[in-house]
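Here's the letter readout for the chains.
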Amino acid sequence: MTRQTRPTVPRHVAIIMDGNGRWATARHLPRVAGHSRGVDAVRAVIEQAGRRGVEYLTLFAFSSENWKRPQDEVSTLMRLFVNALQKEVGRLGENGVRMRVVGELAAFDSQLQSLIRDAERQTMHNSRLQLTICASYGGRWDIVQSVRSLIAAAADPRELARALTERQLAEHLGLAFAPDPDLLIRTGGEQRISNFLLWQCAYSELYFTHTLWPDFDAAAFDAALAWFATRERRFGQTSAQVSRSAAEQLRA
Ligand code: FPP
């Protein structure tokens, strides 16, 4: 695989959508109103990512730890997911979006699980934008489930323990179908990864913005892409090595 050192558009953008609660509280609204407006921002960003030629968009919608939130907030989020799946899947299809949900899906009720399966099936032939919603997802969970499935499938677990490679482990992660994210965006002002794509973000460019998720619109997405376009991606090499191999690629 050829890695571009100064790609203008990231192939894969991952987003930690933070700040819904604070957006609502600042307006004296219940926190769930922020999640509801968050769905509008999700729609806007999916459309903009498609327009800009991003191939993979991965959104952190609900973490393994979010189950610990107050029961009414969890129920509202589940209701929003159900509504969004019922209402938006047709529109995703029209925009050439393939949707997948990655996470511990068995934790969801059976209606939501079956809506997820239907949405994945209905959009599976689309290829303009690969949208992944991470739900009941944690990066540590993902690594552990990958190792478990490798062990379960191994004819000789001792041999697996001796010879296990990074590539094998990556092939069993929930996002094995996607390249690693080039750009990770986190809204809401915090500067942490919060157990998102721990394995896959090893070399991602990290973009933190104070904009709260419900305010994150097409222009804000473009600002993140513009910042990304200024980054030099070195993947552990020196700047001189990177410039040399870019020049060689241009000559080839
Ligand atoms: C973090 O904000 C956001 C969430 C835990 C939920 C994200 C969900 C959505 C944007 C809506 C549904 C998404 C889809 C894909 C239909 P927070 O509540 O932690 O905000 P705070 O830090 O201000 O409290």
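Because the structure is predicted, anything quoted here is derived from the model rather than measured.

Interaxial distance between helix H3 (residues 71-94) and helix H4 (residues 110-123) falls to 10 Å at its minimum, and their mutual angle equals 30°. Considering the angle they form, H3 stands roughly parallel to H4. Remark: the crossing between H3 and H4 carries left-handed chirality. Between H3 and H4, the contacting residues are Met-78, Phe-81, Val-82, Leu-85, Gln-86 and Val-89 on the first element and Gln-111, Leu-112, Leu-115, Ile-116, Ala-119, Gln-122 and Thr-123 on the second.

In this model helix H8 (residues 218-229) runs 17 Å from its N-terminal to its C-terminal C-alpha over 12 residues, within 8% of the 16 Å that 1.5 Å per residue would give. Along H8, the residues that are buried comprise Ala-220, Phe-221, Ala-224, Leu-225 and Phe-228. The buried residues of H8 occupy an angular sector of 145° when the element is viewed end-on, so they sit on one face. Against strand E1 (12-16), helix H2 (31-52), strand E5 (183-186) and strand E6 (205-208) lie the buried residues of H8.

Examined against the element boundaries, Thr-123 turns out to sit in helix H4. Separated by 2.9 Å, the side chain of Thr-123 and the backbone nitrogen of Met-99 make a polar contact. Those residues in contact with Thr-123 that sit more than four places away from it in its chain are Val-89, Val-97, Arg-98 and Met-99.

This part is about the packing of aromatic side chains. The full count for this structure, using the stated rule, is nine aromatic pairs. Arranged with centres 4.3 Å apart and planes meeting at 10°, the rings of Phe-60 and Phe-196 form a pair that is stacked. Taken together, the residues span a long stretch of sequence, with Phe-60 in strand E2 (residues 56-63) and Phe-196 in the loop between E5 and E6 at a distance of 136 residues. For Phe-196, a relative accessible area of 0% corresponds to the buried category. Ring geometry for Tyr-137 versus Phe-196: centroids 6.2 Å apart, planes at 90°, classification edge-to-face.

When you line up the elements, Asp-118 lands in helix H4. For the pair Asp-118 and Val-89, spaced 29 residues apart in the sequence, the C-alpha separation amounts to 9.3 Å.

Structurally, Gln-48 can be placed in helix H2. At 2.3 Å, the side chain of Gln-48 and the side chain of Arg-51 are in polar contact.

The subject of this paragraph is the site of the ligand. Around the ligand sit 18 residues, and of these Asp-18, Gly-21, Arg-22, Arg-31 and Arg-69 come closest. Gly-19 is positioned with one of its backbone polar atoms (N or O) 3.3 Å from an oxygen atom of the ligand. Between Arg-22 and the ligand, the recorded distance is 2.7 Å, taken from a backbone N or O atom to an oxygen atom. Counting only elements with at least two residues in the shell around the ligand, the list comes to helix H1 (20-26), H2 and H3. Counting residues per element, the shell around the ligand draws most heavily on H2, which supplies four residues. For the shell around the ligand, the residue count by class is eight nonpolar, six polar and four charged.

On to the pattern of salt bridges. Scanning the entire structure with this criterion turns up 15 salt bridges. The partner of Asp-18 in a salt bridge is Arg-22, with the nearest N and O atoms 3.3 Å apart. Using a relative accessible area of 19% as the deciding quantity, one classes Asp-18 as buried. For Arg-43, the salt bridge is made with Glu-88, and the minimal N-O distance between the two is 2.7 Å. Note that Arg-43 is positioned in helix H2 and Glu-88 in helix H3, a separation of 45 residues in sequence. Take Arg-43: its relative accessible area is 24%, and that puts it in the partly exposed class. Among the charged side chains, a salt-bridge network with shared partners connects Arg-37, Asp-40, Arg-43, Glu-88 and Arg-91.

Basis of the calculations
Residues numbered from 1 in each chain as written. Predicted model: local features only at pLDDT ≥ 70, side-chain atom pairs only at ≥ 80, totals over all residues. Heavy atoms only, no water. Axes fitted to C-alpha atoms, helices over the stretch in contact; angles between N-to-C directions. Helix = DSSP H or I, 4+ residues; strand = E, 2+ residues; numbered from the N terminus. Parallel < 35°, antiparallel > 145°, perpendicular 65-115°, else oblique. Left-handed = near helix turned anticlockwise from the far one by under 90°. Contact = heavy atoms within 4.5 Å. Expected span 1.5 Å × (residues − 1). Buried < 20%, exposed > 50% of the residue type's maximum accessible area, 1.4 Å probe, protein only. Arc of directions from axis to C-beta. Polar contact = N/O pair within 3.5 Å; in protein donor to acceptor, adjacent residues only side chain to side chain. Phe/Tyr/Trp six-rings, centres within 6.5 Å; stacked < 30°, edge-to-face > 60°. Near = heavy atom within 4 Å. Nonpolar A, V, L, I, M, F, W, Y, C, P; charged D, E, K, R; others polar. Salt bridge = Lys/Arg side-chain N within 4 Å of Asp/Glu carboxyl O.

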